[in-house]
Each structure stands twice: as structure tokens, then as C-alpha cells.
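So you can see what is in the structure, the chains are spelled out below.
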Amino acid sequence: MNGNKVSPEGRVAFVSGANRGIGRAITIELLEKGAKKVYAGVRNLKSMDDLKPEYGNRLVPVFLDLRDDRSIIKATRITKDVEILINNAGVYEAGGFCSDDTLDSMAVNFEVNVWGLVKLTVSLIDRLKQRENAAIVNVSSVLGLASMPVAGVYSASKAAVHSITQSLRGELFLTNILVMGVYPGPIDTEMTKDLEMEKDSPVNVARNVVQGLIDGKEYVFPDMMSKQVGDLYMTEPLVVEKQFANFVSLEEEV
Ligand SMILES: NC(=O)c1ccc[n+]([C@@H]2O[C@H](COP(=O)([O-])OP(=O)(O)OC[C@H]3O[C@@H](n4cnc5c(N)ncnc54)[C@H](OP(=O)(O)O)[C@@H]3O)[C@@H](O)[C@H]2O)c1
């Protein structure tokens, strides 16, 4: 087992999509748990200004647009000393595979959620290997474990993130790098603002992700719904698939 425990205390982290939602909560939690420095990957460098008085030079905003290769290259030059990479940035473009818009929504979801994550990760792997202890944290989704038809293309992008996470874990098994997959359920952020259902808080997700680093966890189900899905998925993945498909059918009947 790899089993590396990667406490943020005294370490340098890089969080993509740090300006809002889950990424912002993880950034704050890392700083609160003693991170030496957190690079906040953002598309608007001023978006972290409100946190500067509290965290000063420990918080370093870095321009990062995962659709722009040059910005990824520049960001990875700045973040050379990273030890904990949190691949959090993501987009949600609704749609399934029986629509006129399938290819468009596929391109949007995959460009950021999959290609962006892979480009950033492979650009930093050699750096991470040079650290004494390091981690790659990939934010997938419960929809990466079982698809919801109304969000079929997004689900496919998050399933790719899950598979990439498994592959990295295998390839990096004998190294110093902990590879963690995070599988949130519905969380109260901008991404789910139109979704009317019970949601957990980004703060809760952040606490569980950072605790997962401290404990050396490879799978993190960071909220109430995902804990239930995670337990069921481990024993009966087909039941989860049917439940998710049925959830959407019921919604459509209303
Ligand atoms: N909320 C949920 O229910 C839920 C559930 C499961 C998984 N997740 C996953 O959790 C992660 C965070 O989601 P969230 O709920 O916090 O969503 P959010 O509030 O919409 O935040 C998304 C973040 O990703 C950034 N981002 C989007 N496109 C980008 C790009 N091209 N380059 C760089 N950054 C980009 C956004 O930056 P801008 O502000 O510049 O757009 C923002 O910081 C995502 O990967 C999402 O798929 C969320």
C-alpha cells in the first residue's frame, strides 16, 4: 500500500478553481490546518483579495485557465514547490447522449474536467516526485461512479476523472505520492444553484478532504449523500446505477 499521510501542516498546496465553492473552502481549510503556502489557481487574480488580510503571503493567487495551455505552463512554472495538488476546478454542462447538443456539451465538460486536469497533473508530476511526501487529489463526483442520464456527459467526464485517479494510483504506487479521489454528492455551490434538493456545505467537503490527506485516504466521500452512495457502491454498484437512473425518470414524470 502507498498509504502516505500528507498533513498540510508546513506544506505547499496548489488548488485549482480556488475562488469559489468547494475549491475556496479547501483553500481556507488547508491554510487553517497550517499549510505553509497555498497557490490559488484562479481566472481572476483579485478574487482572493478578501482573504489576503487573514492569510497574507501564505495565499498566492496564480492565474489558471484550464482551457488555455499557456496559462497551465505558466502556472506550473510558478508553483514549482508544490507538494499537494488539488484538482478541483470543474464545469457542469447538462445533457446526455441522445441530444442534438451531445458533442457540444461533451467538449465543454471534457475540456476542463478531463483534459485540463490531465494537463495540469502531468505538468507537475515530476515536481511532486521530488518532494519527501506529496499528494494528488482529484475531485470527481458520485456521478463519476454511476451516471445520471440528465447529466450523462458530465457523468462521463467525472467517470474519466475516476479512472485517471485509479490509473495514477497504480502508476505511482511505489512513490511518495498519495493519490486521492473525492466523490461529492450535491453540494451547495454556484454549480448546483438551480438544483432543488438537499445539499451539504463546501466547508464540510473541505474538512473531509483535508482530514483524508492527514489520514492518507485514497477514497473520500465527503458529505452525507456521498457517504451513503459510497457504502452502497462498494458492495452493489448496479443498485446505485439503477437508483440514479430512476431518480431522473421520476423527476421527468413530474
Ligand atoms: N457542487 C456539487 O454538487 C458537486 C458535486 C460533485 C462534484 N463537484 C465537483 O467539485 C468541483 C468544484 O465544484 P463547485 O461545486 O465548487 O463548483 P463552482 O462553484 O461552479 O466552482 C467551479 C470552479 O471551477 C473553476 N473553473 C471553471 N472553469 C475553469 C477553467 N476553464 N479553468 C480554471 N478554472 C475553472 C471556476 O472558476 P471561475 O469562477 O473562474 O469560473 C470555479 O472556481 C468541480 O470539479 C465539480 O465538478 C461538485
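Structure report, in brief. (Residues numbered from 1 in each chain as written. Predicted model: local features only at pLDDT ≥ 70, side-chain atom pairs only at ≥ 80, totals over all residues. Heavy atoms only, no water.)

Observations concerning the overall build of the protein
A tally of regular secondary structure across the protein gives eight helices and seven strands. Relative to the compact-globule value of 18 Å for 254 residues, the protein shows a C-alpha radius of gyration of 18 Å, a close match. Looking at the protein as a whole, 50% of its 254 residues are labelled buried. For the protein, the proportion of contacts with a sequence separation of at least 24, taken over those separated by at least 6, is 68%. (Helix = DSSP H or I, 4+ residues; strand = E, 2+ residues; numbered from the N terminus. Rg over C-alpha atoms; globule rule 2.2 N^0.38 Å. Buried < 20%, exposed > 50% of the residue type's maximum accessible area, 1.4 Å probe, protein only. Contact = heavy atoms within 4.5 Å.)

Things to note about a negative patch on the surface
Side chains of Glu93, Asp100, Asp101 and Asp104 sit close together on the surface and give a patch of like negative charge. Tracing the backbone through its elements, the reader meets aspartate 101 in the loop between strand S4 (84-87) and helix H4 (102-130). (Patch = residues over 30% accessible without salt bridge, like charges linked within 9 Å, V, L, I, M, F, W, Y side chains within 5 Å. Areas by Shrake-Rupley, 256 points an atom, 1.4 Å probe, with all protein chains shown as cover. Salt bridge = Lys/Arg side-chain N within 4 Å of Asp/Glu carboxyl O. Lys, Arg positive; Asp, Glu negative; His and termini not counted. Charge placed at Lys NZ, Arg CZ, Asp CG, Glu CD.)

Some points on the site of the ligand
Neighbouring the ligand are 28 residues, the closest being Asn19, Arg20, Arg43, Tyr154 and Thr189. Asparagine 19 places a side-chain nitrogen or oxygen 2.6 Å from an oxygen atom of the ligand. Contacts to the ligand include isoleucine 187, whose backbone N or O atom sits 2.8 Å from an oxygen atom. When the free accessible area of the ligand is taken as 900 Å², the share hidden by the protein chains comes to 93%. Taken together, the elements giving at least two residues each to the shell around the ligand come down to helix H1 (21-32) and helix H5 (152-171). When its residues are assigned to classes, the shell around the ligand shows 12 nonpolar, 10 polar and six charged. (Near = heavy atom within 4 Å. Polar contact = N/O pair within 3.5 Å; in protein donor to acceptor, adjacent residues only side chain to side chain. Nonpolar A, V, L, I, M, F, W, Y, C, P; charged D, E, K, R; others polar.)

Observations regarding the side chain of asparagine 113
By the secondary structure assignment, asparagine 113 is in helix H4. By relative accessible area, asparagine 113 is classed as buried at 1%. Within polar-contact distance, the side chain of asparagine 113 engages the backbone nitrogen of valine 91 at 2.8 Å. With residues up to four places along the chain from it excluded, the contact list for asparagine 113 reads Ala89, Gly90, Val91, Tyr154, Ser157, Lys158 and Val161.

Examining the pattern of salt bridges
Applying the stated criterion to the full structure yields seven salt bridges. Put simply, arginine 67 and aspartate 65 hold a salt bridge, and the shortest N to O gap is 3.3 Å. Taking the relative accessible area as the measure of exposure, aspartate 65 reaches 13% and is therefore buried. Residue glutamate 190 pairs with lysine 193 through a salt bridge whose shortest N-O separation is 3.7 Å. The exposure class assigned to glutamate 190 is partly exposed, which follows from its relative accessible area of 45%. By relative accessible area, lysine 193 is classed as exposed at 53%.

Note that every value here comes from positions in space, so none of it alone points to a role or purpose.
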